[in-house]
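Topology and contacts: notes
Single-letter residue listing:
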Amino acid sequence: MARHRPLVIVTRKLPESVERRMGDLFDLRLNPDDRPMSREALADAMSQADVLVPTITDRIDAALLAAAGPRLRLIANFGTGRDNIDVVAAQAHGITVSNTPGVLTDDTADIVMALILSVARRVVEGAAILPNETWDGWSPTWMLGQRITGKSLGVLGMGRIGQAVARRAAAFGLSIHYHNRTRLRSEVETALKATYWPSLDQMLARMDIVSVNCPHTPATYHLLSARRLALMRPTAVLINAARGEIVDEAALIRMLQTRKLAGAGLDVFEHEPAVPAKLIRLAKAGKVTLLPHMGSATMEGRIEMGAKVIVNIRAFMDGHQPPDRVLPIDL
Ligand code: 8YV
């Protein structure tokens, strides 16, 4: 692509420093009121922009891509997950896609630990007591949770984030187990003291805590199906800070309601921003901790995501592959 100031359209409000830098480099159209764009607004943006910078709240499907203007050559996703974009259709239309891997690994792993601790030690439930002025004082048998030291953690998806979870969890005294498409190199496995389970079913049946850390792809949609969830121990806890679509949410709710699963910590939901009323009721009953998709929500993370987006756009405008190009084969 010839070097010119490309028209870059950003669909949501980004940190000020990121928007300022983008404004220095590109012809920039921002969304200062931060409301998610309607499908019509997205189509309009895609008919004009050279580069679109969407987020998880924008569903860039095959129909939108087919109707995109001839100028649109790059979709530089502000996010690591790219399940909001039909990458296969983008490639078919000659549109390159990039994402922002690596910079939200630690933040997301921290939220996984926060969810594990919250569910096992009833942190969120306990934190609501004083503000509600319902505390009658200490009792030896009140607010008892589960010790996490000595328990087993099964990580489903041992990529960057899964490994960061494993390192943290090991420091808390959990034994680390994992299932992944491909087994880690033995040096990495040894460093993480992680046990590989070629069979997801067998791992699920033996873990105290299961953390979902794989991407959402056609192959992982409902990977934790009703059948697989039923393999878990009734005392076990499920943590998901990856994507809601990986877990059959209705089946999970049934398992929690019928006490076939002890608890869950969820940062993501199958139909965001909708959260089923039944899940909210389970949260009120202290069975689950629900967070509003804030795994990567740190100022540092957002600024680094913005920097990655800028680098990807610049490399592309200079005629190179963006360093974080997403290929259909990665899905
Ligand atoms: C981001 C995420 O905030 O990057 C991801 O994959 O899930 C989030 O934490 C979001 O995707 C931004 O688009």
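Quantities reported herein were computed from a predicted structural model and do not represent experimental measurements.

Taking strand neighbours across the sheet as the criterion, the 5 strands line up as 2-1-3-4-5 in an open arrangement whose pairing is parallel. In this open sheet, the two edge strands, each paired with only one partner strand, are strand 2 (27-29) and strand 5 (96-98). When strand polarity is set aside, the average angle formed by the axes of neighbouring strands in this sheet is 20°. In the sheet, strand 4 (residues 74-76) pairs with strand 5 via 3 bridges, with the strands oriented parallel. Opposite alanine 76, over in strand 5, you have serine 98 as the bridge partner. Contacting strand 1 (7-10), strand 2 and strand 3 (51-53), helix 2 (residues 39-48) crosses the sheet at an angle of about 145° to strand 3. Running over the sheet, helix 13 (residues 299-317) touches strand 1, strand 3, strand 4 and strand 5 and is turned about 160° from strand 4.

Listing the buried residues of helix 2 in full gives Leu42, Ala45 and Met46. Mapping the buried residues of helix 2 onto a view down its axis gives an arc of 95°, with all of them on the same face.

Under the domain assignment used here, the protein chain contains domain 1 (7-103 + 299-330) and domain 2 (105-290). Using C-alpha coordinates to define each centre, domain 1 is positioned 31 Å away from domain 2. If you look at the interface, domain 1 gives 8 residues, while domain 2 gives 7 residues. Interface area, domain 1 with domain 2, both sides summed: about 640 Å², of which 37% is carbon and sulfur.

Once that is clear, we can look at the packing of helix 11 (residues 249-257) against helix 12 (residues 277-284). A packed helix pair is summarised by two numbers, namely the angle formed by the two axes and the spacing between the axes. Two elements in contact, helix 11 and helix 12, have axes separated by 10 Å at closest approach and are oriented at 35°. Taken as a pair, helix 11 and helix 12 cross one another with a handedness that is left-handed. When helix 11 is examined against helix 12, the residues Glu249, Ile253, Leu256 and Gln257 are found in contact with a partner set consisting of Lys278, Leu279 and Leu282. For the contact of helix 11 with helix 12, the per-class residue count stands at 4 nonpolar, 1 polar and 2 charged.

Read from one edge to the other, the open sheet built from 7 strands follows the order 8-7-6-9-10-11-12, with strand pairing classed as parallel. If you trace the sheet from one side to the other, it starts and ends with strand 8 (194-196) and strand 12 (288-290), each paired once. Direction aside, the axes of adjacent strands within the sheet are offset by 20° on average. Pairing of strand 6 (residues 152-156) with strand 7 (residues 175-179), which is carried by 5 bridges, proceeds in the parallel orientation. When the sheet's bridge partners are listed, leucine 153 is paired in strand 7 with isoleucine 176. Seen against the sheet, helix 5 (residues 105-121) touches strand 6, strand 9 (209-212), strand 10 (237-240), strand 11 (263-266) and strand 12 and runs at an angle of roughly 155° to strand 10.

How each quantity is defined
- Residues numbered from 1 in each chain as written.
- Predicted model: local features only at pLDDT ≥ 70, side-chain atom pairs only at ≥ 80, totals over all residues.
- Heavy atoms only, no water.
- Pairing = 2+ DSSP bridges.
- Helix = DSSP H or I, 4+ residues; strand = E, 2+ residues; numbered from the N terminus.
- Axes fitted to C-alpha atoms, helices over the stretch in contact; angles between N-to-C directions.
- Contact = heavy atoms within 4.5 Å.
- Buried < 20%, exposed > 50% of the residue type's maximum accessible area, 1.4 Å probe, protein only.
- Arc of directions from axis to C-beta.
- Domains from an automatic or database assignment.
- Buried area = accessible area lost by both parts, 1.4 Å probe.
- Left-handed = near helix turned anticlockwise from the far one by under 90°.
- Nonpolar A, V, L, I, M, F, W, Y, C, P; charged D, E, K, R; others polar.

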